[in-house]
Amino acid sequence: MKAVGNRNTMAATLSLTQLSSGNPIYDKYYRQVDPTGSGRVAAADAALFLKLSGLADLILGKIWDLADTERKGSLNKQQFFIALRLVACAQNGLEVSLKNLNVAVPPPTFNDTSSPLLAGVAADTPWVVKPEEKMKFDSIFESLSPVGGMLSGDKVKPVLLNSKLPVDILGRVWELSDLDRDGMLDRDEFSVAMFLVYRALEGESVPMSLPPPLVPPSKRKKPAVAPVMPLLPSPPSVKDSRSSHTGSKTLPHPPKPAPAPAPTPAAVPWVVSAAEKTKYDELFSKTDGDMDGLVSGAEVRDIFLKTGLPSATLARIWELCDIGDMGKLTREQFALALYLINLKLTKGLDPPQTLSLEMIPPSDRQNSKQNNANLAADFSAIKELDTLSNEIVELQ
């Protein structure tokens with residue numbers, strides 16, 4: 001806590017001129033949110049303005065927490081300048097951190113709803129995706145059988161997952177590439193996704209917002225769209241708010257295709273043996289703190305962390321076992337998750353792409369939905385695990 005206090009003090013000692021690097025555009029932005037010169041910017045006004053930066057809500061939330069040092073729910077001029085400077089850092093691919101307030105960055109940019117997307121990008125600015133890369137990405141695009149020139153999330157998902165990048169990074173790649181927020185990628189958007197994945201595999205960081213030269217020429221004249229909610233939001237704090245939380249925080253996605261009818265599914269033996277089930281049931285009873293017959297990501301976090309498995313593997317297992325996309329696991333689904341974790345730990349077997357019939361818990365077989373959801377749906381299904389991913393990184 002002391003270190004945080006010191007950093008906040010350090011931020012507060014920077015003058016307005018230092019924070020704005022002497023650029024008058026900071027004052028211009030401030031006058032837009034505080035036209036009467038009251039010296040205070042209400043949270044609602046600041047949030048509406050900062051959303052025009054195009055940054056993800058997760059990032060904007062962090063910026064607000066760092067700027068609202070006094071926890072008053074409003075910002076004075078200095079704190080608003082801090083928020084602007086942090087937006088500029090995020091837009092230029094830097095970490096949102098008070099230590100970066102001293103780094104020289106161009107002033108932040110904000111779209112108003114009447115201006116074209118990324119108005120600062122000239123239509124003839126060269127696209128960073130080189131022609132030879134575009135040809136390679138286009139051939140991958142065609143191999144995935146696009147429909148009407150578009151790829152749905154469920155077709156893109158295996159390609160992204162095969163990169164073995166952390167799921168939070170893949171969530172950001174998807175969010176940055178789906179420029180028109182329709183839950184699908186066209187040929188150019190897919191090239192953006194592939195470009196970001198390849199750079200990430202080479203050790204480069206995925207930016208918080210799409211740099212102007214990465215915007216495909218075909219997208220540069222379209223009107224701006226309001227920023228969408230993050231793909232990987234924090235778990236809801238109130239259990240009963242799950243339905244409204246899901247409705248407001250996840251991208252829309254088409255209904256899942258119905259699974260092929262299987263002959264008498266109930267007759268197929270389950271992969272989890274009776275002895276294993278008994279052992280896993282005991283652990284479930286200890287983990288289900290509120291005794292509602294379901295366990296959330298927060299409740300299983302410690303168990304998952306102790307396995308030492310990569311966050312992407314744990315996220316995949318959660319996604320497979322959360323068959324109803326409820327954000328929670330039933331007793332049988334929990335047993336299946338531990339079974340898949342055990343397979344990876346003892347035999348090195350990765351979780352499957354989809355559950356085979358003998359893996360589906362008996363209680364889920366009558367109305368089983370195989371995991372063919374699009375990427376947005378899959379990432380929302382593991383929303384309980386985004387904090388887990390961060391904790392694993394911190395532990396490492």
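Residues numbered from 1 in each chain as written. Predicted model: local features only at pLDDT ≥ 70, side-chain atom pairs only at ≥ 80, totals over all residues. Heavy atoms only, no water.

1. Focus: the overall build of the protein chain
For step 1, the next point in the chain: A count of helical and extended segments in the protein chain gives 17 helices and six strands.
For step 2, the next point in the chain: Relative to its 396 residues, the protein chain shows a buried fraction of 48%.
For step 3, the next point in the chain: For the protein chain, the share of sequence-separated contacts (at least 6 apart) that also reach a separation of at least 24 residues comes to 70%.
For step 4, the next point in the chain: Working note: accessible area of the protein chain is about 18700 Å², and carbon and sulfur atoms make up 59% of it. (Helix = DSSP H or I, 4+ residues; strand = E, 2+ residues; numbered from the N terminus. Buried < 20%, exposed > 50% of the residue type's maximum accessible area, 1.4 Å probe, protein only. Contact = heavy atoms within 4.5 Å. Areas by Shrake-Rupley, 256 points an atom, 1.4 Å probe, with all protein chains shown as cover.)

2. Describing the UniProt feature "domain: EF-hand" (unreviewed entry) in the protein chain
For step 1, the next point in the chain: UniProt annotation of "domain: EF-hand" (unreviewed entry) refers to residues 165-200 and 275-310 when read in the numbering used here.
For step 2, the next point in the chain: Structurally, residues 165-200 is divided into 69% helix and 8% strand, and its ends, taken at the C-alpha atoms, are 8 Å apart.
For step 3, the next point in the chain: The span residues 275-310 carries 67% helix and 6% strand; its end-to-end C-alpha distance comes to 27 Å. (UniProt positions renumbered as here; feature names shortened; annotations may be inferred.)

3. Quick word on the nonpolar core
For step 1, the next point in the chain: Ranked by size, the top nonpolar core spans 33 residues in total, and within it Phe49, Ile63, Phe80 and Leu84 carry the most contacts.
For step 2, the next point in the chain: Taken together, the elements giving at least two residues each to this core come down to α3 (25-33), α4 (43-51), α5 (57-67) and α6 (77-91).
For step 3, the next point in the chain: It is α6 that contributes the most residues to this core, nine residues altogether.
For step 4, the next point in the chain: Residues within four places of Phe80 in sequence aside, it is in contact with Tyr29, Tyr30, Val33, Phe49 and Leu75. (Core = buried A, V, L, I, M, F, W, Y, C linked by side-chain atoms within 4.5 Å.)

4. Points about helix α8 (residues 153-162)
For step 1, the next point in the chain: The set of residues buried in α8 consists of Gly153, Val156, Lys157 and Leu160. Angular distribution of buried residues about the axis of α8 spans 115°; they occupy a single face of the element.
For step 2, the next point in the chain: Looking one or two residues beyond α8, the residue adopting positive phi is Lys164, at roughly 65°. (Arc of directions from axis to C-beta.)

5. Brief notes about the packing of aromatic side chains
For step 1, the next point in the chain: Going through the model one piece at a time under the given rule, you end up with 10 aromatic pairs.
For step 2, the next point in the chain: A centroid spacing of 4.5 Å and a plane angle of 40° characterise the contact between Phe49 and Phe110, whose relative ring orientation is tilted. With a gap of 61 residues between them, Phe49 in helix α4 and Phe110 in the loop between α6 and α7 (131-143) connect regions that are remote in the sequence. For the pair formed by Phe49 and Phe110, the shared burial category is buried.
For step 3, the next point in the chain: A network of ring pairs unites the aromatic residues Tyr29, Tyr30, Phe49, Phe80 and Phe110 as a single cluster. (Phe/Tyr/Trp six-rings, centres within 6.5 Å; stacked < 30°, edge-to-face > 60°.)

6. So, the pattern of salt bridges
For step 1, the next point in the chain: Within the structure shown, the criterion is met by 12 salt bridges.
For step 2, the next point in the chain: The shortest N-O distance in the salt bridge between Glu133 and Arg199 comes to 2.8 Å. A residue pair is termed long-range when its members are at least 10 positions apart, and Glu133 in helix α7 and Arg199 in helix α10 (residues 187-201) qualify at 66 residues. Residue Glu133 shares its accessibility class with Arg199, and that shared class is buried.
For step 3, the next point in the chain: Linked through salt bridges whose partners overlap, the residues forming this network are Lys134, Asp138, Glu142, Arg187 and Asp188. (Salt bridge = Lys/Arg side-chain N within 4 Å of Asp/Glu carboxyl O.)

7. Points about the packing of α4 against α5
For step 1, the next point in the chain: Viewed as axis vectors pointing N to C, α4 and α5 meet at an angle of 135°, and their least axial separation amounts to 11 Å. By the angle class used here, α4 and α5 are oblique. Judged by the sense of rotation from one axis to the other, the crossing of α4 with α5 is right-handed. Across from Ala43, Ala46, Leu50 and Lys51 in α4, the residues of α5 making contact are Asp57, Leu60 and Trp64.
For step 2, the next point in the chain: Within the contact of α4 with α5, the residues separate by chemical class into five nonpolar, no polar and two charged. (Axes fitted to C-alpha atoms, helices over the stretch in contact; angles between N-to-C directions. Parallel < 35°, antiparallel > 145°, perpendicular 65-115°, else oblique. Left-handed = near helix turned anticlockwise from the far one by under 90°. Nonpolar A, V, L, I, M, F, W, Y, C, P; charged D, E, K, R; others polar.)

8. Details of α3
Since the α-helix advances by 3.6 residues per turn, residues separated by three or four positions end up pointing in the same direction.
For step 1, the next point in the chain: Along α3, the positions that sit buried rather than exposed are Tyr26, Tyr29, Tyr30 and Val33. The buried residues of α3 occupy one face: seen down the axis, they fall within an arc of 100°.

9. Description of the side chain of Asn76
For step 1, the next point in the chain: By the secondary structure assignment, Asn76 is in the loop between β2 (74-75) and α6.
For step 2, the next point in the chain: Here the side chain of Asn76 touches Gln78 through a polar contact of 3.1 Å, landing on its backbone nitrogen.
For step 3, the next point in the chain: Ignoring anything within four residues of it in the chain, the contact list for Asn76 reads Gly39, Arg40 and Glu70. (Polar contact = N/O pair within 3.5 Å; in protein donor to acceptor, adjacent residues only side chain to side chain.)

10. Points about unusual backbone geometry
For step 1, the next point in the chain: Positive phi outside glycine occurs at Ser145, with the angle close to 55°.
For step 2, the next point in the chain: Despite not being glycine, Lys164 has its phi angle at roughly 65°, a positive value.

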